[in-house]
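Working through the structure, step by step
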Amino acid sequence: MSEIFALVPAAGCGSRMGSELPKQYLQLAGQPMIYHALLTLCASSDVKTVFVVLAPHDMYWHGYDWSLFGDKLQPLFCGGATRAESVLNGLMAAELELDDWLLVHDAARPCLSHKQLAHLIEVSRDDEVGGILAVPVADTLKRADAECRIVQTENREGVWQAQTPQMFRTGLLLQALRSAPNVTDDASAVEALGFHPKLVTSSASNFKVTYPQDIELAELLLANRK
Ligand code: C5P
């Protein structure tokens, strides 16, 4: 029977944060940011192993204590120049079976809840293609010009914001990422092959920490959860 694995690409430098320290290691609620997503993924009894893809010359990983996660957590020092390349390198290094399921989750989404993860797994494991957590867009969407002036109001009907985790069979993801190396999420690569992944409703709490002010919001959400 196919098993479920998780892979966390964490080889980026997080330039939009304006910090020397890569984003995944910034302090958030007393731990490096990546710790929180790893805690949720490792706590899932559905997930067999959680792989973390780090930059080949990552100098920070070994400076923290990961012992809580035991053997369930496996670091792979094979990150690439882009997120997609990091995921692909990690997939090849992890040596999974082609029909195993893989949950790809960004280190920069620390507020993923156990419930959201369980819901994604429950819906996607019975799907032919796989699924991703996502939320329907609630705000009105504006297209801007170079001077930040509104050019047009976009139709938000049927528009969703993609989140992670994104869950696909290893074989499909390998094929997809090999043929579309410049995508910003895994689903885009799968879509480029002509497939239609399932949108699994999540909530705004699983947002991506991108700018410095996002840290405070993430800390509030995590504190509230405790
Ligand atoms: O920069 P952004 O927030 O879109 O990155 C999403 C995820 O991809 C982060 O967890 C980041 O560490 C990872 N990434 C990576 N390898 C890269 C670039 C980004 O693993 N070369």
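Numbers given for residues are sequential positions, taken from 1 along each chain in its written order. Only residues with pLDDT of at least 70 get local features here, since the model is predicted, and only at 80 or more are side-chain atom pairs given and counted; chain-wide, interface and lining totals rely on the full set of residues. The basis for the side-chain values is all heavy atoms of the structure; hydrogens and waters are excluded.

1. Some thoughts on the site of the ligand
- Residues are classed as near a molecule or strand on a simple rule: at least one heavy atom within 4 Å of it. Of all residues adjacent to the ligand, which total 15 residues, the nearest are Pro9, Ala11, Lys23, Ser86 and Lys208.
- Pairs of N or O atoms are called polar contacts if they sit within 3.5 Å, as long as, within protein, a hydrogen donor faces a hydrogen acceptor (for residues adjacent in sequence, only side-chain-to-side-chain pairs). Contact distances for the ligand include 2.9 Å between a nitrogen atom and a backbone N or O atom of Gly80.
- Here Lys208 contributes a side-chain N or O atom positioned 2.9 Å from an oxygen atom of the ligand.
- Accessible surface is estimated by sampling points in the Shrake-Rupley manner with a 1.4 Å probe; for residues, cover comes only from the protein chains shown. Isolated, the ligand exposes 460 Å² of accessible area, and the fraction of that covered by the protein chains is 84%.
- At the level of secondary structure, the elements contributing two or more residues to the shell around the ligand comprise β1 (4–10) and α2 (83–94).
- Residues of the shell around the ligand, tallied by class, amount to five nonpolar, five polar and five charged. Helix and strand assignments come from DSSP, with helices taken as H or I runs of at least 4 residues and strands as E runs of at least 2, each series counted from the N terminus. Residue type decides the class: Asp, Glu, Lys and Arg count as charged, Ala, Val, Leu, Ile, Met, Phe, Trp, Tyr, Cys and Pro as nonpolar, and the leftover types, Gly among them, as polar.

2. Focus on the side chain of His36
- In this structure, His36 sits in helix α1 (residues 33–43).
- Looking at His36, the relative accessible area reads 10%, which means it is buried.
- Between two residues, a contact is recorded if the distance between any of their heavy atoms is within 4.5 Å. When sequence neighbours within four positions are dropped, the list of residues in contact with His36 reads Leu28, Ala29, Gln31, Pro110 and Leu222. The cut-offs for exposure are 20% and 50% of the maximum accessible area for each residue type, with area from a 1.4 Å probe on protein chains only; residues under the lower value are buried, those over the upper are exposed, and the others partly exposed.

3. Details of helix α4 (residues 170–179)
- Turning to α4, its buried residues number three or more, namely Thr170, Leu172, Leu173, Leu174, Ala176 and Leu177.
- Looking at the buried positions of α4, the neighbouring elements they touch are α2, β6 (101–104), β10 (160–169) and α5 (186–192).

4. A few points about the UniProt feature "site: Transition state stabilizer" (unreviewed entry) in the chain
- UniProt positions are given in the numbering used here, feature names are shortened, and annotations may be inferred rather than shown by experiment. In this structure's numbering, the residues bearing the UniProt feature "site: Transition state stabilizer" (unreviewed entry) are Arg16 and Lys23.
- The residue Lys23 is located in the loop between β1 and β2 (27–28) in this model.
- Given a relative accessible area of 11%, Lys23 falls into the buried group.

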